Amino acid sequence: MGNTLAELRNPSIIRKMGIQALTRELGAVGMAYFIRQFDQGEGDYTKERNSLLNNMTMQDIENQLH
């Protein structure tokens, strides 16, 4: 890849070049951790947490651990 203007405008090519650069500089694991920082996730954590912990006390949680 010669980094021509046409290549840099192609999302597929720029993505590939970016992943290669990150992997070269950070290693595969570092690249994966970096990419994960931009993952928005899905769902509504607060809503899910409230439904999962509905009326649970700290004692209830502690009892489940034993």
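1. Here we look at the overall build of the protein chain
Here is step 1 of the chain: A tally of regular secondary structure across the protein chain gives four helices and zero strands.
Here is step 2 of the chain: If you list the helices and strands of the protein chain from N to C, you get α-α-α-α.
Here is step 3 of the chain: Since a compact globule built from 66 residues should have a radius of gyration of about 11 Å, the 21 Å found for the protein chain marks it as more spread out than a globular shape.
Here is step 4 of the chain: Over its C-alpha atoms, taken along the principal directions, the protein chain stretches across nearly 60 × 25 × 10 Å.
Here is step 5 of the chain: Per-residue burial for the protein chain yields a buried fraction of 6% across its 66 residues.
Here is step 6 of the chain: Here the protein chain holds 7 positive side-chain charges and 8 negative ones, and the gap between their average locations is 13 Å.

2. Some remarks on the packing of aromatic side chains
Two measures describe an aromatic ring pair: the distance that separates the ring centres and the angle between the ring planes.
Here is step 1 of the chain: As enumerated under the stated definition, the model contains one aromatic pair in all.
Here is step 2 of the chain: Judged by centre distance (5.2 Å) and plane angle (65°), the ring pair of Phe34 and Phe38 falls under edge-to-face.
Here is step 3 of the chain: Under the relative-accessibility criterion, Phe38 is labelled exposed at 56%.

3. Points about the confidence of the model for the protein chain
Low pLDDT means the predicted coordinates in that region are not meant to be read closely.
Here is step 1 of the chain: Per-residue confidence for the protein chain gives a mean pLDDT of 86; residues scoring 70 or more make up 97%.
Here is step 2 of the chain: Mean pLDDT values for the elements of the protein chain range from 78 in helix H1 (residues 5-9) up to 94 in helix H2 (residues 11-36).

4. As for the pattern of salt bridges
Here is step 1 of the chain: Under the counting rule described, the total for this entry stands at one salt bridge.
Here is step 2 of the chain: Arg24 is the salt-bridge partner of Glu25, the closest N and O atoms lying 3.8 Å from each other.

5. Concerning a negative patch on the surface
Here is step 1 of the chain: Negative charge collects at one region of the surface, where Asp39, Glu42, Asp44 and Glu48 lie side by side.
Here is step 2 of the chain: Inspection of the secondary structure puts Glu48 in helix H3 (residues 45-52).
Here is step 3 of the chain: With relative accessibility at 44%, the residue Glu48 sits in the partly exposed group.

6. Focus on a nonpolar patch on the surface
Here is step 1 of the chain: On the surface, Ile19, Leu26, Phe34, Ile35 and Phe38 cluster together into a nonpolar patch covering about 440 Å² of accessible area.
Here is step 2 of the chain: Considering the arrangement of structural elements, one finds Leu26 in helix H2.
Here is step 3 of the chain: Overall, the relative accessible area of 45% leaves Leu26 in the partly exposed class.

Calculation rules
Residues numbered from 1 in each chain as written. Predicted model: local features only at pLDDT ≥ 70, side-chain atom pairs only at ≥ 80, totals over all residues. Heavy atoms only, no water. Helix = DSSP H or I, 4+ residues; strand = E, 2+ residues; numbered from the N terminus. Rg over C-alpha atoms; globule rule 2.2 N^0.38 Å. Buried < 20%, exposed > 50% of the residue type's maximum accessible area, 1.4 Å probe, protein only. Lys, Arg positive; Asp, Glu negative; His and termini not counted. Charge placed at Lys NZ, Arg CZ, Asp CG, Glu CD. Phe/Tyr/Trp six-rings, centres within 6.5 Å; stacked < 30°, edge-to-face > 60°. pLDDT = per-residue confidence, 0-100. Salt bridge = Lys/Arg side-chain N within 4 Å of Asp/Glu carboxyl O. Patch = residues over 30% accessible without salt bridge, like charges linked within 9 Å, V, L, I, M, F, W, Y side chains within 5 Å. Areas by Shrake-Rupley, 256 points an atom, 1.4 Å probe, with all protein chains shown as cover.

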